[in-house]
Every structure is written in structure tokens, then in C-alpha cells.
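# Residue-level structure breakdown
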Amino acid sequence: METQGKKVQKRLVLVPFPFQGHMTPMLQLGAALEQKGLSVTIAHTCHNAPDPSQYPRFEFRPLADNLTSLDTPKNIGVLNFIKKINTNCEAQLQEFLVQKIEQEQEGAYGQVVGIIYDTLMFCAEAVADKLKIPSMVIRTSFSTYVLATIAMPRLQAEGYFPLQDSMLEELVPELYPLRFKDLPFSGGNIEETLALYAITSNLRSSSAIIWNTVDFLEHLSLPRLQQHYKVPFFTVGPLHKTSSMSSSTSLLEEDKTCMEWLDKQATNSVIYVSLGSLVLIDAEELTETAWGLANSGHPFLWVIRPGSVIGSEWLELLPEGFIENVGERCHIVKWAPQKLVLAHKAVGGFWSHCGWNSTLESLCEGKPMMCRPFYVDQPVVSRFISYVWKIGLELETKFDRRNVESTIRRLFGGKEGEEMRERAIEIKEKIESCMSAGGSSFNSLNNLVDFFL
Ligand code: UDP
């Protein structure tokens, strides 16, 4: 389309959900699509809004979500938080799109050829339906986790919940290799968990699903999901490598001082500890983590997000004498430039909550992992890291400093650690080949673009 000699490109409207782990892959997808010749609009909530100056080529449309400072997932529950955002944003998204369609008819705006929305922003699907715009959902999590969420109502009907302790280590029927303790509970009771998955696993009228994953990592689950959903799949991950976007997608300010500290450490000596953007821990977990790290003898870079330790602002609950004990061997930040950290040669292992973005970032850098999953998709991912890909170790459920120390020593030392490191490098190389010309993710992204062009 041409207007006043200027080419007006086809446009996609992307509707992210305002959690860090959901926002980041959506922005990265936008950058990848934009590089392929599509124009991109990000219609986003005001809560956790992305910084437009980081993405000068995108159009941004804020949607007033009317959340108050008390409307946090912690205060009102994740399910209510999701519902409130959807209820409050739907009419504005519709109004915005109607306006754009009018401008499009006047030739002043690129044709809106599709809406891509996060599975938690399902109001976008309702709007797309009403306006007859093709829509597609993006799943920002591990697809095997989605398969597990679909199985939860069946397991409930078969009487497995509430889980008995004696069942925790047992394999779940039809979900190999997951054990009952790996099932994706949301952190609330089983009714809340099921209500959440009723929303997120419903495809509604989406014409396809975009997955931020790589085919070979999930060859057991993707065919089963395909049978379930019966729409085209685009497995375009890992999205942080798909585009050449260098802008930060962080909602918090990155503390880059840690890079200088890393430069001073020996190759593969540092354990990087980060539990993502949402996990909260209690004072006991903080204490055991601190002494476990101290006793391991390794240097460590530890992200402690302000507010992430229940009952404290930031570091007040660190045990007495800890900082003096570890001295220069420890570097603590509020938020790290994680992708740069994982790519640094000094980092020899990643202690993670096994969020999917963190895991993909680690896989792409060939780093062995220490798994401390909490809820939702994390236990499923942790099982794959430790049991299927064999590139990491799970911390025991009974978490204490001795277990932390011995797990770090196993991860860094001896034949077991060496083999995990070798396998992690193999996976990194396989991912690289999936992303290069002719590889599965490379082809999938091109197919996705063709779908819209
Ligand atoms: N992250 C970061 N700096 C930190 C901690 C995390 O940039 O100090 C980023 C990390 O790179 C990842 C995201 O935050 O992209 C966390 O997403 P993930 O899916 O791993 O976990 P969630 O926060 O959703 O639990």
C-alpha cells in the first residue's frame, strides 16, 4: 500500500501480558517480525509498561488498566489480577482498533493483518472476533507444561487431588516423565489452579499458536499438543536469539556493576543465583541459601530483588556475619543483565527457579543448572533439565545449607559435573543449528511471516 509516496506496511498488533516473563518474549517476537518487514504496534497495559524509547521502530498504545497499587497478584490473587486486566482493557483495545481500521480505510495506516496476544490477555481474542481480524496466541512457556495443564482436570476427575505425600515421587499416568510432584500447581488451591488453566489452555478462536521453544527440546509433547489443538504451530524460539534486538526488555533497572566483578573471576567458577521476577522466599530460605553459597567455596553473583524476601525491603534479613564471611567472593544486585551474565565465561552454573525464559537463556549459553522450582511451569521445566536433558541438578525438597553446598560441589566438580557441562554445550550447539538457515526455528519464523504477508 502506498500513501503520499510512502510505503505503508502491513501491521500486526501485539498484546502482551504485563509480567516480565511474558512481556520479554512478546517484544522479542515483535522485533523479529519487524525485521522481516511487518510493522508492529504494542498495545500494552500501563502497569509494567515497556519503555518506548528502547524500541523506536514500534508504535505503542497504552491501555489504561485502572489497577490501583493494591491490585497486585499477591494481594488479589493471580487469577483475579488476570481477570481484572482483561475486563478493564477490552473496550479500549477495541476502540483503538476501530480507529485504526478507519485510518486504514483512508490509506493513512498499514492494514492490520493480525493480532498476536499473550494467552493471559484473552480479551484481545474477543476483540479480534468482533472486528473479524485474524488472531494468534503466543505461549511464552514450555509446551510440556501446557500439556500438563490440559491433563489437570482429568487428574482431578480421577481423584488424585489433593496429592498424598506417598504419591509425590510416582510417575503421572500419560505424562511421562513427570512425577506427581512436578505437576503445575499455581500456588493457590486446586480449584484456583484449575480455574487458571481453564482460561489459559482454551484456544478460543485463535488460528494458530506461536511457541517460544525449539522443536527438538519438546519432541514428546508438541505432537500431542498438535492433536489436541488442531491448528498450525509456529515454534520460533528461543525468541531472545531470533531477533537481533539489542534493547533491554527489563522492567527493572539492570545493575551492570556485576559485569566488572565477573571479569575478575576465573573461568567457569561463578554460580549465578536468580529466581526470576515473581518468586518470593521466606527468611529461612534466604538464610539457608546464604550459608549454602558461603560454604560452597565458590564465588557467587546473587540477584535479590527488593521485596522478594517476605518481611523485608531488601537485604535486612541476611544472616549476621554473612557479608563479612564471604567478602569479595559475593556480589549481590537487585536486578542483573541476565543474558549478559549467562554469556560470561566466568559463570559456570546457574541456580534458577526454572522459569522458561531463564531456562532458554541458560540453554543458549550452555550453562549447567541448579534447579529450585516453586510453582506453575517451574517444576515441569526442572524435571526436564535434570532428568531428560541431564544438564542440571534438582535441589532437594527439604532445602537446607548442606544440600545447597553439596549440590554446588556436584555441579562444579568431578565427572558428573563435567558430563553435564558437555551435554549443556551440545544443546547450545543444537539450538544454534535450529536457528540457522534451514533449521526448525528459522523455517517456522518464515512460515509465520508468510501467514500474515
Ligand atoms: N531477569 C533479568 N535480570 C534478573 C533476573 C531476571 O533480566 O536479575 C530476566 C531473565 O533474563 C528472564 C526474565 O527476567 O528473561 C524472567 O523470566 P522467567 O520466565 O525466567 O521467570 P519469571 O520471572 O516469569 O518467573
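Quantities reported herein were computed from a predicted structural model and do not represent experimental measurements. (Residues numbered from 1 in each chain as written. Predicted model: local features only at pLDDT ≥ 70, side-chain atom pairs only at ≥ 80, totals over all residues.)

## Focus: the sheet that holds strand E9 (residues 233-235)
Pairing in this open sheet of seven strands is parallel, and the strands run E5-E4-E3-E6-E7-E8-E9 from one edge to the other. Lying at the two open borders of the sheet, with one neighbouring strand each, are strand E5 (59-63) and E9. This sheet shows a mean twist of 20 degrees between the axes of neighbouring strands, independent of strand direction. Sheet topology note: the strand E3 (residues 11-15)/strand E4 (residues 39-45) ladder contains four bridges and is parallel. Counterpart to arginine 11 in the pairing with E4 is serine 39. Most of the contacts of helix H17 (residues 440-452) go to E9, to which it runs at about 135 degrees, and overall it touches E3, strand E6 (112-118), strand E8 (209-211) and E9. (Pairing = 2+ DSSP bridges. Helix = DSSP H or I, 4+ residues; strand = E, 2+ residues; numbered from the N terminus. Axes fitted to C-alpha atoms, helices over the stretch in contact; angles between N-to-C directions. Contact = placed C-beta atoms within 7 Å.)

## Regarding the site of the ligand
Within the structure, the ligand sits among 19 residues, and Gly21, Gly276, Ser277, Gly355 and Ser358 are positioned closest to it. Breaking the shell around the ligand down by element, the ones donating at least two residues are helix H1 (20-35), helix H12 (338-343) and helix H13 (356-365). Considering only residue class, the shell around the ligand consists of six nonpolar, 11 polar and two charged. Residue-level mapping places the shell around the ligand at the junction of two domains, with at least three residues from each of domain 1 (2-248 + 437-452) and domain 2 (257-432). (Near = placed C-beta within 6 Å. Nonpolar A, V, L, I, M, F, W, Y, C, P; charged D, E, K, R; others polar. Domains from an automatic or database assignment.)

## Observations concerning the domain arrangement of the chain
When the domains of the chain are assigned, the result is domain 1 (2-248 + 437-452) and domain 2 (257-432). Placing the centre of domain 1 and that of domain 2 at their C-alpha centroids yields a distance of 27 Å. Of all the elements in the fold, those that place two or more residues in the side of domain 1 that touches domain 2 are H1, helix H5 (143-157) and helix H8 (239-242). No other element matches H1, which puts four residues into the side of domain 1 that touches domain 2. Considered class by class, the residues forming the side of domain 1 that touches domain 2 number 12 nonpolar, 10 polar and three charged.

## Considerations on unusual backbone geometry
Each neighbour pair has its own omega, and for tyrosine 176 with proline 177 the value is 5 degrees, a cis peptide bond. Among the structural elements, proline 177 can be located in the loop between H5 and helix H6 (190-200). In this chain, glycine 237 is followed by proline 238 through a cis amide linkage whose omega measures -5 degrees. Within the secondary structure, proline 238 is located in the loop between E9 and H8. For glutamate 174, which is not glycine, the phi dihedral falls at a positive 65 degrees. Tracing the chain through its elements places glutamate 174 in the loop between H5 and H6. A residue is classified by how many C-beta atoms lie within 10 Å of it, and glutamate 174, with 11 of them, is exposed. Unlike most non-glycine residues, lysine 390 shows phi in positive territory, near 55 degrees. Relative to the assigned elements, lysine 390 resides in the loop between helix H14 (378-388) and strand E15 (392-394). Judged by C-beta crowding, with 16 C-beta atoms within 10 Å, lysine 390 ranks as partly exposed. (Buried ≥ 20, exposed ≤ 12 C-beta atoms within 10 Å, placed from the backbone.)

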